[in-house]
Amino acid sequence: LAIRLWSLDLWGQDLIAAPRDGSIYVWISTPVVSARAVIIGGSPSRVGGVIVSPESRHLIALGATDHITSVYDPLFIRWSDEEDYNDWAPVVSNTAGGQNIAGGDRIVGSVRSRNQILIWTNDSLHGMSFSGPPFIFSFRQLGSNCGLIGPNGAVDMNGIAYWMSTHNFHTYDGIVK
């Protein structure tokens, strides 16, 4: 069984938080310290983790329930409308959406890197880049047999990612090494 690990990111001064296999919460920064975090309405009911896109301010769920069937897919990436973490239903009038990735059984972790978000499954590395309408994000598999060992097993320093897989240590500077 996986431990209850939370992923955290900032939305301006507000805190976005999600426990693995739980809902997405927002804690709105106020002078009242006793204010509690609340579940974001309309967000996926189950996620593996969250990250905010720095270029477009989409809230991204890594491993998520589908908006139609409500079935959890550990390789499904969903994102909210731009600048609106409450709007997750993909319609013509917004930029919300979703995409499945291949290579592995589940999404393990992610980091922001140079002009993209790096996303690891247990077997592969993928790049997620903001491309704008109509597709919003583009995805590329950057490497295989180089999955992430755990959610906190990767870091990006000056545009170069370093991580540990189950077999080796790796780097990515445009090429997986």
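Cut-offs used in this document
- Residue positions within a chain follow its written sequence, with the count starting from 1.
- In keeping with the model being predicted, local features are shown solely for residues with a pLDDT of at least 70 and side-chain atom pairs are shown and tallied solely at 80 or more, while totals for entire chains, interfaces and linings include all residues.
- Excluding hydrogens and water, the side-chain figures rest on all heavy atoms present in the structure.
- Starting at the N terminus, helices and strands are each numbered in turn, a helix being any DSSP run of H or I of at least four residues and a strand any DSSP run of E of at least two.
- Radius of gyration: C-alpha atoms only; globule rule: 2.2 Å multiplied by the number of residues to the exponent 0.38.
- Exposed residues in this analysis have more than 50% of their type's maximum accessible area, buried residues have under 20%, and partly exposed residues fall in between, with area computed by a 1.4 Å probe over protein chains only.
- Accessible areas in this description were obtained via Shrake-Rupley with a 1.4 Å probe; residue shielding takes into account the shown protein chains only.
- We count Lys and Arg on the positive side and Asp and Glu on the negative side, and we leave His and both chain ends out.
- Here the site of a charge means NZ on Lys, CZ on Arg, CG on Asp, or CD on Glu.
- The pairing criterion for strands is at least two bridges between them, as found by DSSP.

*Asks:* It is not clear to me how the overall build of the chain should be interpreted in this structure. Could you clarify?
*Replies:* Scanning the chain for helices and strands turns up 0 helices and 15 strands. Here the C-alpha radius of gyration of the chain, 16 Å, is about what a compact globule of 177 residues would show, namely 16 Å. In terms of principal-axis extent, the alpha carbons of the chain reach across some 45 × 40 × 35 Å. Across the 177 residues that make up the chain, the buried fraction comes to 44%. Total accessible area on the chain is roughly 9300 Å²; 55% of this is exposed by carbon and sulfur atoms. Considering the chain, the positive charge centre built from 11 side chains and the negative charge centre built from 15 side chains are found 7 Å apart.

*Asks:* What's the story with the pairing of strand 10 (residues 116-121) in this structure? I'm lost.
*Replies:* A regular strand places its side chains so that they alternate between the two faces of the sheet. Among the 6 residues in strand 10, 6 count as buried, and that is most of the element. Side chains Q116, L118 and W120 project from strand 10 onto one buried face, and the interleaved I117, I119 and T121 project onto a second face that is buried too. Looking at chain direction, strand 9 (residues 107-113) and strand 10 are connected through 6 bridges and run antiparallel. Residue pairing across strands places S110 opposite I119, the latter belonging to strand 10. Here strand 9 folds back onto strand 10 in antiparallel fashion, the turn holding 2 residues, of which N115 has a positive phi close to 60 degrees. Two strands pair when backbone bridges link them, and strand 10 and strand 11 (residues 124-132) are joined in this way by 4 bridges, in the antiparallel orientation. Note on strand 11: the bridge partner recorded for W120 is L125. Remark: 2 residues form the turn of the hairpin made by strand 10 and strand 11, two consecutive strands paired antiparallel.

The analysis is restricted to geometry; functional conclusions fall outside its scope.
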